[in-house]
Amino acid sequence: MYLKQISLINFKNYDEVSFEFSKGISCFVGYNGIGKTNILDAVHYLSMCKSYLNPIDKQNIRFGERFFVIQGTWDLEEKEVDIYCGVKAGEKKIFKRNKTTYEKLADHIGQFPSVMISPYDRDLISEGSELRRKWVDGIISQYNHAYLDILMRYNKVLDQRNMLLKKFYENGFFERESMEVWDEQLVHYGNQIHKERLAFLEDFIPTFQYYYTYIGKDSENVQVEYRSQLNEETFEKLLELNQRKDAFATHTTSGIHKDDFVFTINELPIKKFGSQGQQKSFVIALRLAQFDWLTKKLNQKPILLLDDIFDKLDNQRVTKLMHLVSDNVFGQVLVTDTDKNRVESIFNSIEADFQLFDLETIKVNETNG
Ligand SMILES: Nc1ncnc2c1ncn2[C@@H]1O[C@H](COP(=O)(O)OP(=O)(O)OP(=O)(O)O)[C@@H](O)[C@H]1O
Ligand SMILES: [Mg+2]
């Protein structure tokens, strides 16, 4: 499976543009702000039904316009599949596969998988636990559609439970029976989510460590630690133990919504003790392992989107990484960089075939008519 062509109308800084891709590596080069990342983001839209960067669809419409369209053609074992994404201000986003509109966007997700590696991945390390939970949940739900549904149900029940806690607090009484209704459901959904997250990590961690060692250093020991209150105690018991605490806090203080995934290097949090290069290698290894996991589960290779990957990595790491992605393990790869010469010299030095799109000359051609 690979993306054969993509065309954009009024998407971010583009009025109208289209690109044809080969199966292997394609590179976009040009100065800061020319629109390299925007192209990867358009591919992300076709794959995940949303932007990687800006969750508000209408903000991705070119300034001053009323709609955008992204259209792409995927080659699916010699069969062509046409994917259409249309966003109009004030209207529902439309997604079509071969001209048929999807009823639910969730039906599309996982069909044409992608993995983006971007400078914003640093947020996975630096931000709070919610982002890491979203990341893990996002991966699992590409493969397991029921998971997303269970997660939504859990969150709904959690909201209801919290509302009840507030009501109890305001009214100055606590009614155990009405709480139990929500507790039972919370435990039911929470346990399933906990089980899935555990199973995912068990599979994921060895691959992640393999990739870190490959691009990083043998001597550095990296780990993703799954911290969940449910690792130590049953969810029923936790809710029971925290009843008073919850009543005073007026929200639910235990459960899988408190889970975190802690990233460490040599047993210390990488957030505080990792160098910039180590942090970058860490998130790249996370993404490559994500690629592997999805390949296995979805039975096809995601398209790999490498945004500004060469920045902050030393030459040795860059060369190793590019060797890896130009190997047969990875399928289609889209790369961006500001430095055309760097891209050319890296891929030439490892004798990899690649396609180069110099956005600066494409722009010049356009203005020349
Ligand atoms: N809705 C929009 N309408 C018009 N332009 C937009 C819109 N959203 C973003 N842009 C423009 O897109 C440009 C950024 O493009 P992009 O991030 O793809 O650049 P880049 O080539 O990746 O740059 P860098 O090398 O700095 O990463 C910015 O100039 C921004 O103003
Ligand atoms: Mg960019």
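The structure presented is a predicted model; accordingly, all values stated were derived computationally and were not measured.

## Structural notes on helix α9 (residues 276–298)
Since the α-helix packs 3.6 residues into each turn, any two residues three or four apart lie on the same face.
Then comes step 1: Over its 23 residues, α9 runs 32 Å from end to end, which matches the ideal 33 Å to within 8%, given 1.5 Å per residue.
Then comes step 2: Just past α9, the residue Asn299 takes up positive phi, approximately 65°.

## Describing the domain arrangement of the protein
Note on interface size: it is often stated as the accessible area lost on association of the parts.
Then comes step 1: Taken domain by domain, the protein comprises domain 1 (1–113 + 300–369) and domain 2 (125–297).
Then comes step 2: Once you take the C-alpha centre of each, domain 1 and domain 2 turn out to be 30 Å apart.
Then comes step 3: Listed per partner, the contact involves 15 residues of domain 1 and 14 residues of domain 2.
Then comes step 4: Its residues assigned to classes, the side of domain 1 that touches domain 2 shows 8 nonpolar, 2 polar and 5 charged.

## With respect to the pairing of strand β1 (residues 2–9)
Then comes step 1: Relative to strand β4 (residues 67–76), β1 is paired through 7 bridges, and the arrangement is antiparallel. The partner of Ile6 across the bridge, within β4, is Gly72.
Then comes step 2: By the bridge criterion, 5 bridges tie β1 to strand β2 (residues 16–20) in an arrangement that is antiparallel. Bridge assignment links Gln5 to a residue of β2, and that residue is Glu20.
Then comes step 3: Hairpin connection, β1 to β2: the antiparallel pair is bridged by 6 residues, and Asn10 has positive phi, about 55°.

## Some points on the sheet that holds strand β10 (residues 260–265)
Then comes step 1: Across the sheet, 3 strands lie side by side as β9-β10-β11; this open sheet has antiparallel pairing. Edge strands, defined here as strands with exactly one partner in the open sheet, are β9 (222–227) and β11 (268–269).
Then comes step 2: As judged from the 2 bridges shared by β10 and β11, these two strands associate in the antiparallel manner. Along β11, the bridge assignment pairs Ile265 with Leu268.

## Here we look at the nonpolar core
Then comes step 1: In terms of nonpolar packing, the biggest core is built from 66 residues, with Ala42, Val43, Ile70, Phe282, Ala285, Leu304 and Leu305 touching the most fellow members.
Then comes step 2: Three or more residues apiece are contributed to this core by two domains, here domain 1 (1–113 + 300–369) and domain 2 (125–297).
Then comes step 3: Ala42 has contacts with Ile6, Leu8, Phe11 and Ile70, leaving out every residue within four places of it along the chain.
Then comes step 4: If you look at the next biggest cluster of nonpolar residues, it comprises 14 residues, including Tyr189, Ile193, Leu230 and Phe235.

## Focus on the sheet that holds strand β14 (residues 354–358)
Then comes step 1: The strand order across the open sheet built from 5 strands is β8-β12-β13-β3-β14, with neighbouring strands paired in parallel fashion. The open sheet has two edge strands, β8 (114–117) and β14, and neither has a second partner. Across the sheet, the mean angle from the axis of one strand to that of its neighbour is 15°, orientation sign disregarded.
Then comes step 2: Here 5 bridges tie strand β3 (residues 25–29) to β14, and the two strands are oriented parallel to one another. Along β14, the bridge assignment pairs Ser26 with Gln355.

## Considering the packing of helix α3 (residues 129–143) against helix α4 (residues 145–171)
Then comes step 1: As a packed pair, α3 and α4 sit with axes 5 Å apart at the nearest point and diverge in direction by 135°. Put simply, α3 runs oblique to α4. Residues Asp137, Ile140 and Ser141 of α3 pack against His145, Tyr147, Leu148 and Leu151 of α4.
Then comes step 2: Looking at side-chain class alone, the contact of α3 with α4 contains 4 nonpolar, 2 polar and 1 charged residues.

## Section: α3
Then comes step 1: The terminal C-alpha atoms of α3, which comprises 15 residues, lie 22 Å apart, in line with the 21 Å expected from a rise of 1.5 Å per residue.
Then comes step 2: Where α3 is concerned, the buried positions are Arg132, Val136, Ile139, Ile140 and Gln142. What you see down the axis of α3 is that its buried residues fit within an arc of 165°, all on one side. More than 90 degrees from the buried face of α3, the exposed residues found are Glu130 and Lys134.

## Let's talk about the environment of Lys271
Then comes step 1: On the secondary structure map, Lys271 appears in helix α8 (residues 270–273).
Then comes step 2: Considered as a pair, Lys271 and Asp314 are 43 residues apart in the sequence and their alpha carbons are 20 Å apart.
Then comes step 3: Those residues in contact with Lys271 that sit more than four places away from it in its chain are Ile125, Ser126 and Phe263.

The rules behind each value
Residues numbered from 1 in each chain as written. Chains lettered and ligands numbered in written order. Predicted model: local features only at pLDDT ≥ 70, side-chain atom pairs only at ≥ 80, totals over all residues. Helix = DSSP H or I, 4+ residues; strand = E, 2+ residues; numbered from the N terminus. Expected span 1.5 Å × (residues − 1). Domains from an automatic or database assignment. Contact = placed C-beta atoms within 7 Å. Nonpolar A, V, L, I, M, F, W, Y, C, P; charged D, E, K, R; others polar. Pairing = 2+ DSSP bridges. Core = buried A, V, L, I, M, F, W, Y, C linked by C-beta atoms within 7 Å. Buried ≥ 20, exposed ≤ 12 C-beta atoms within 10 Å, placed from the backbone. Axes fitted to C-alpha atoms, helices over the stretch in contact; angles between N-to-C directions. Parallel < 35°, antiparallel > 145°, perpendicular 65-115°, else oblique. Arc of directions from axis to C-beta.

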